[in-house]
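# A look at the structure
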Amino acid sequence: MTTVLDGDAVASDIRDSLTDSIDTLTTAGVTPGLATVLMSTDPSSETYVSMKQRDCEEVGINGIHVEIDADAPATELYETIEDLNDDPAVHGILVQLPVPEHVDERRVVRSIDPEKDVDGFHPENVGRLVRGQPRFKPCTPHGVQKLLDAAGVDPDGKEVVIVGRSEIVGKPLANLLMQKAPDGNATVTVCHSHTADLAAKTRAADIVIAAAGVPELIDGSMLSEGATVIDVGVNSVDADTEKGYELVGDVDFESATEKASVITPVPGGVGPMTRAMLLYNTVKAASAQTG
Ligand code: GUN
């Protein structure tokens, strides 16, 4: 029997668990505030940001949305970040990535006040995470950890293979899972586009986490019997649907399900968890800034 993890349900539990903290803060006169900044015309980025704003409204977080024309000078974004850094009603700042090419993404990430960096991307926060003392765990890796926990899969002592070495998922997740309990204690291998024999690596894993951004890269033949499979990929591929496309993960769900004991679907797996952990970080930021 394969367990298909319901990310929507676990995310909903996490949102519920935040209610008390949000009520306590609000009663004390502090409504947690999350600013989202969008400088892009990419439809997926627009959708992600609007979902994040809707989540805020649902749980009683004050969502502030700033939209900057994708053709505007980069300084407009840098100045917006400075204003949000100085605004006491804003406890968390998220600049949706990627930003246009004429904007220096590294400068964007560096210019967010580390105490408001609810993505956990600022170099100071990356450093803290690598040292094992994270201020904010990046949302997707944290969401993956919570999903594993909800499924009763303890990474302690396990062989974990992460496919993908991004700053947003692969690298921070590898760091978290290799750290001492309660976060990890796993033996972590990070694979990427230059890995010589990917299938040999994934077949040797107890837990496979696919975060490469390649549609259906991992299929059942690449998995060991009983593996746990977490699919972080969200890829839009042409399809004979009303919209002309469909969303698929980095895992071929059908063949992988025949081997896996636990697997996440796309959509409805990791995606909702990422959004829930953003709310978690925002509440944490508001508590830290006002406590
Ligand atoms: N773009 C894709 N994922 C993310 C994320 O987790 N945070 C931000 N800021 N941008 C993203």
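Going along each chain's sequence as written, the residues are numbered from 1 onward. Thresholds applied to this predicted model are a pLDDT of at least 70 for local features of residues and 80 or more for the giving and counting of side-chain atom pairs; totals over whole chains, interfaces and linings are not thresholded and use all residues.

The name an unreviewed UniProt entry assigns to the protein chain is Bifunctional protein FolD, from the organism Halocatena pleomorpha. UniProt positions are given in the numbering used here, feature names are shortened, and annotations may be inferred rather than shown by experiment. Per UniProt, the protein chain carries the Sequence similarities (unreviewed entry) text "Belongs to the tetrahydrofolate dehydrogenase/cyclohydrolase family." UniProt, in the comment section headed Subunit (unreviewed entry), describes the protein chain in these words: "Homodimer."

### Some points on the sheet that holds strand β2 (residues 33-38)
Two strands are counted as paired when DSSP detects at least two bridges linking them. Elements are defined by DSSP. Helices are runs of H or I of four residues or more, strands are runs of E of two residues or more, and each kind is numbered from the N terminus. What the 3 strands build is an open sheet, ordered β3-β2-β4; its pairing is parallel. At either end of the open sheet lies a strand with only one pairing partner, and these are β3 (62-67) and β4 (92-95). Between one strand and the next, the sheet's axes are offset by a mean angle of 15 degrees, whatever the strand orientation. Taken together, the 6 bridges between β2 and β3 define a ladder with parallel strand orientation. Each residue of the ladder has a partner; that of Leu38, found in β3, is Glu67. By definition, residues are in contact whenever their C-beta atoms, placed on the basis of the backbone, come within 7 Å of each other. Only the contacting stretch of a helix is used when fitting its axis, a line to C-alpha atoms as for every element, and angles between N-to-C directions run 0 to 180 degrees. Together, β2 and β3 form the strand contacts of helix α2 (residues 43-59), whose direction differs from that of β2 by roughly 165 degrees.

### Examining the nonpolar core
A set of buried Ala, Val, Leu, Ile, Met, Phe, Trp, Tyr and Cys residues, joined through C-beta atoms within 7 Å, is what we mean by a nonpolar core. Whether a residue is buried, exposed or partly exposed follows from its count of other C-beta atoms within 10 Å of its own C-beta, namely 20 or more, 12 or fewer, or something in between, respectively; the C-beta atoms are built from the backbone. One finds Ile162, Val163, Val208, Ile209 and Ala210 to be the most contacted residues of the largest nonpolar core, which totals 78 residues. The greatest single-element share of this core, amounting to 10 residues, is contributed by helix α10 (residues 270-290). Start and end positions for the domains come from either an automated domain assignment or a database one. Split by domain, this core shows at least three residues from each of two domains, domain 1 (29-113) and domain 2 (139-271). With residues near it in sequence (within four places) discarded, Ile209 still touches Val144, Val160, Ile162, Val163, Leu173, Ile230 and Val232.

### Examining the sheet that holds strand β5 (residues 159-163)
Ordered in space as β1-β11-β8-β7-β5-β6, the 6 strands form an open sheet in which the pairing is parallel. Looking at the sheet topology across the chains shown, the edges are occupied by β1 (3-4) and β6 (187-191). Across 2 bridges, β1 lies against strand β11 (residues 262-263) in parallel orientation. Its bridge partner lying in β11, Thr3 is registered against Val262.

### Notes on the packing of helix α1 (residues 7-27) against α10
Packed helix pairs are characterised by how far apart their axes lie and by the angle those axes make with each other. At a minimum axis separation of 8 Å, α1 and α10 run at an interaxial angle of 15 degrees. Compared by their axis directions, α1 and α10 come out roughly parallel. Remark: the crossing between α1 and α10 carries left-handed chirality. Of the residues in α10, those in contact with Gly7, Asp8, Val10, Ala11, Ile14, Arg15, Leu18, Ser21, Ile22 and Leu25 of α1 are Val270, Gly271, Pro272, Met273, Arg275, Ala276, Leu279, Tyr280, Val283, Ala286 and Ser287. By residue class, the composition of the contact of α1 with α10 is 14 nonpolar, 4 polar and 3 charged. Just so you know how the angles are binned, under 35 degrees is roughly parallel, over 145 roughly antiparallel, 65 to 115 roughly perpendicular, and the rest oblique. With the far helix as reference, a near helix turned anticlockwise by less than a right angle produces a left-handed crossing, and one turned clockwise produces a right-handed crossing. For this classification, Asp, Glu, Lys and Arg are treated as charged, while Ala, Val, Leu, Ile, Met, Phe, Trp, Tyr, Cys and Pro are nonpolar and the rest, including Gly, are polar.

### A closer look at the UniProt feature "domain: Tetrahydrofolate dehydrogenase/cyclohydrolase NAD(P)-binding" (unreviewed entry) in the protein chain
Using the residue numbers shown here, the UniProt feature "domain: Tetrahydrofolate dehydrogenase/cyclohydrolase NAD(P)-binding" (unreviewed entry) corresponds to residues 138-289. Helix makes up 34% of residues 138-289 and strand 18%, and the two end C-alpha atoms of the span are 19 Å apart.

### Section: the site of the ligand
Residue proximity rests on one test: whether the C-beta atom, placed from the backbone, lies within 6 Å of the molecule or strand. Contacts to the ligand come from Leu94, Val95, Gln96, Leu97, Asp119, Cys139, Thr140 and Ile168. Where the shell around the ligand is concerned, the elements lending two or more residues are β4 and α6 (139-150). Considered class by class, the residues forming the shell around the ligand number 5 nonpolar, 2 polar and 1 charged. Formed jointly, the shell around the ligand draws a minimum of three residues from each of two domains, domain 1 (29-113) and domain 2 (139-271).

### Some remarks on α6
In this scheme, a helix's expected span is set at 1.5 Å multiplied by one less than its residue total. Given a rise of 1.5 Å per residue, 12 residues ought to cover 16 Å, and the 16 Å separating the end C-alpha atoms of α6 matches this to within 8%. Most of α6 sits out of view: 10 of its 12 residues are buried. Cys139, Thr140, Pro141, His142, Gly143, Val144, Gln145, Lys146, Leu147 and Leu148 are the residues of α6 that are buried. Considering only its buried residues, α6 is in contact with α1, α7 (170-178), β7 (207-210), β8 (228-231) and α10. Of the residues one or two after α6, Gly152 is the one with positive phi, at around 75 degrees.

### Regarding the environment of Gln145
Relative to the assigned elements, Gln145 resides in helix α6. Expressed as a C-alpha distance, the spacing of Gln145 and Met273, which sit 128 residues apart in the sequence, is 9.7 Å.

### A few points about the UniProt feature "domain: Tetrahydrofolate dehydrogenase/cyclohydrolase catalytic" (unreviewed entry) in the protein chain
Mapped onto this numbering, the UniProt entry gives "domain: Tetrahydrofolate dehydrogenase/cyclohydrolase catalytic" (unreviewed entry) at residues 5-119. Measuring from the first to the last C-alpha atom of residues 5-119 gives 24 Å, for a span that is 50% helix and 14% strand.

### Concerning the pairing of β7
Of the two faces of β7, the one carrying Ile207 and Ile209 and the one carrying Val208 and Ala210 are both buried. Across 4 bridges, the pairing between β5 and β7 is parallel. Along β7, the bridge assignment pairs Val163 with Ala210. Note: β7 against β8, 4 bridges, orientation parallel.

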